[in-house]
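If you want the building blocks of each chain, they are given just below.
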Amino acid sequence: MHRMRLDMALGTLLLAPVAACAGRYDAGSDEARLAAAVVADAREHAGMELQLDPDLSAVAREHSEVMATGTTQGMHEFLRECLSAHGVMDPFPYVFYGSGPPDRTEEIEQRLREHLRLLPATERKLYTHVGVGIHLLRRRRFLAPAQESFVTVLLTQRAVSFSPIPADLRPGERFLFEGELHAPFRDPEILITRPDGNTDVLDNLVVDDRRFRTYVRLEPIAGEYQLEVMGRYDMGPRVLALASLHPRPPGQPLHYESVLEAARQGTLEPAFPIPRREPTTEREAEELVLRLVNRDRKRSGLPPLAESAALTDLARSHSADMRDRKFFAHVSPRTGRLSDRAEHAGVPFRRIGENIAVGADVMEAEAALLRSPGHRMNILDPEYTLVGVGVAFDTDVQGNRRVFLTQNFMVPAQ
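Reading the values: the criteria
- Residues numbered from 1 in each chain as written.
- Predicted model: local features only at pLDDT ≥ 70, side-chain atom pairs only at ≥ 80, totals over all residues.
- Heavy atoms only, no water.
- Axes fitted to C-alpha atoms, helices over the stretch in contact; angles between N-to-C directions.
- Helix = DSSP H or I, 4+ residues; strand = E, 2+ residues; numbered from the N terminus.
- Left-handed = near helix turned anticlockwise from the far one by under 90°.
- Contact = heavy atoms within 4.5 Å.
- Nonpolar A, V, L, I, M, F, W, Y, C, P; charged D, E, K, R; others polar.
- Pairing = 2+ DSSP bridges.
- Buried < 20%, exposed > 50% of the residue type's maximum accessible area, 1.4 Å probe, protein only.
- 1 Å grid on protein atoms, 1.4 Å probe; cavity = no way out; pocket = protein on both sides within 12 Å on 5 of 7 lines; lining within 4 Å.
- Points joined across faces, edges and corners; volume = space filled by probe spheres on them.

A. Seen up close, the packing of helix 7 (residues 282-299) against helix 10 (residues 362-371). In the contact formed by helix 7 and helix 10, the axes pass within 10 Å of each other and the chain directions differ by 35°. Read as a crossing pair, helix 7 and helix 10 show a hand that is right-handed. Facing Ala 285, Leu 288, Val 289, Leu 292, Val 293 and Asp 296 of helix 7, the residues of helix 10 in contact are Val 362, Met 363, Glu 366 and Leu 370. The class makeup of the residues in the contact of helix 7 with helix 10 is eight nonpolar, no polar and two charged.

Listed below in structure tokens is the structure:
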């Protein structure tokens, strides 16, 4: 079983630190104008047909509110919870964020246009929906009033239509979850990771290559769930939808809601990431991922995986292939599927699986893989005994490091 992950990237435009202060702002016409400009420019110059989504725009607006406080730590988690709370299951959007004076929003708009045009064509065609959110921060600088506009633009791929998930889930409840995959995807698979860390594949009650219908049953205790929809197409399996579910007693706020309220009240303290040493070579990054994988297995009471030189070579080759040929999929136009690559390299196997990810660093990528039920099943599969990790460094359109990661798991042939 092969598993994959959509890319998540963060871009910065005109980013400037500002002092935390109060003031909610309904951007209204400014958001509408910027959204219209993004949609029009994406169609004209990037060949993208984007639809403006109000729920995605609400997420973008709340992201801008928190970014205006100066905090940067925990923003991936905040965004993940915020998307789920607004009923958006699109997996990991591409995020643009930046700030500047309100009278210079045309500069931000121009930077957005440039950024869209620099995205590789294979990435541009993935995105279907856009959300735009602006937050105006009012403050004083040298005793004179000043204003700063914080802008977030989210791009997502929406490949699933589904029934709404109940907003106020309670422990012990169950709900109907049904929907349909959009072409070219087929063969839906519904997975869930429960609060105890175990992952289940839910029964699809519909015999159809695009539709799904299942019941999601929650445990009688509060906790976090990850609900995922996977589908297949000619380039292999893909995560099409992912949401965090938080059944809880009445009146208990989500973590993201507490953060957002603190930002609105002006009580959220700016926080910055703890400095950590990033791997300087691809091999160092591979060794770090190996340690993280075996750490996660140890936490689940599983034996460590041994590194296989043959699997490592396969993983390195696929990561470099994705980077150099600018695609992100399990099936390579050049080398085919993982099973094809293994057979061509003379690697005998009884079972073989693969995770792929793209991120700013390997720790972020490994954390994202573990949150995805499908990828988690590979990492924590008790039958796997061997692993190979391949990392290829790249740079994004702004010159920041980008990491292509491939994990290959195997039960060797007897």
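B. Main features of the sheet that holds strand 6 (residues 160-162). With respect to topology, three strands assemble into an open sheet ordered 6-7-10, the strand pairing being antiparallel. With one partner strand each, in any of the chains shown, strand 6 and strand 10 (211-217) form the two edges of the open sheet. For this sheet the average axis-to-axis angle between neighbouring strands, irrespective of direction, equals 25°. Pairing of strand 7 (residues 174-181) with strand 10 involves seven bridges; the strand directions are antiparallel. Residue pairing across strands places Leu 176 opposite Tyr 215, the latter belonging to strand 10.

C. Focus on the pairing of strand 14 (residues 349-359). Taken across its 11 residues, strand 14 has eight buried, putting it largely inside the fold. When strand 14 meets strand 16 (residues 401-412), the two strands line up antiparallel, connected through 10 bridges. Bridging across to strand 16, Arg 351 finds its partner in Val 411.

D. Representation of the layout of surface pockets. Within this model, the second largest pocket holds a volume of roughly 680 Å³. Along its surface, the second largest pocket is lined by 39 residues, and Thr 122, Glu 123, Leu 126, Arg 238 and Phe 328 are the ones closest to its centre. Broken down by secondary-structure element, the contributors of at least two residues to the lining of the second largest pocket are helix 5 (121-124), helix 8 (309-325), strand 15 (386-395) and strand 16. Its residues assigned to classes, the lining of the second largest pocket comprises 23 nonpolar, six polar and 10 charged.

E. Main features of unusual backbone geometry. A cis amide bond links Ala 183 with the next residue in sequence, Pro 184, at an omega value of 10°. Even without glycine at this site, Asp 187 takes up a positive phi of about 55°. Judged by relative accessible area, which is 39%, Asp 187 ranks as partly exposed. Even without being glycine, Lys 326 reaches a positive phi, approximately 55°. Along the chain, Lys 326 falls in the loop between helix 8 and helix 9 (338-344). Here Lys 326 falls in the partly exposed class, since its relative accessible area comes to 48%.

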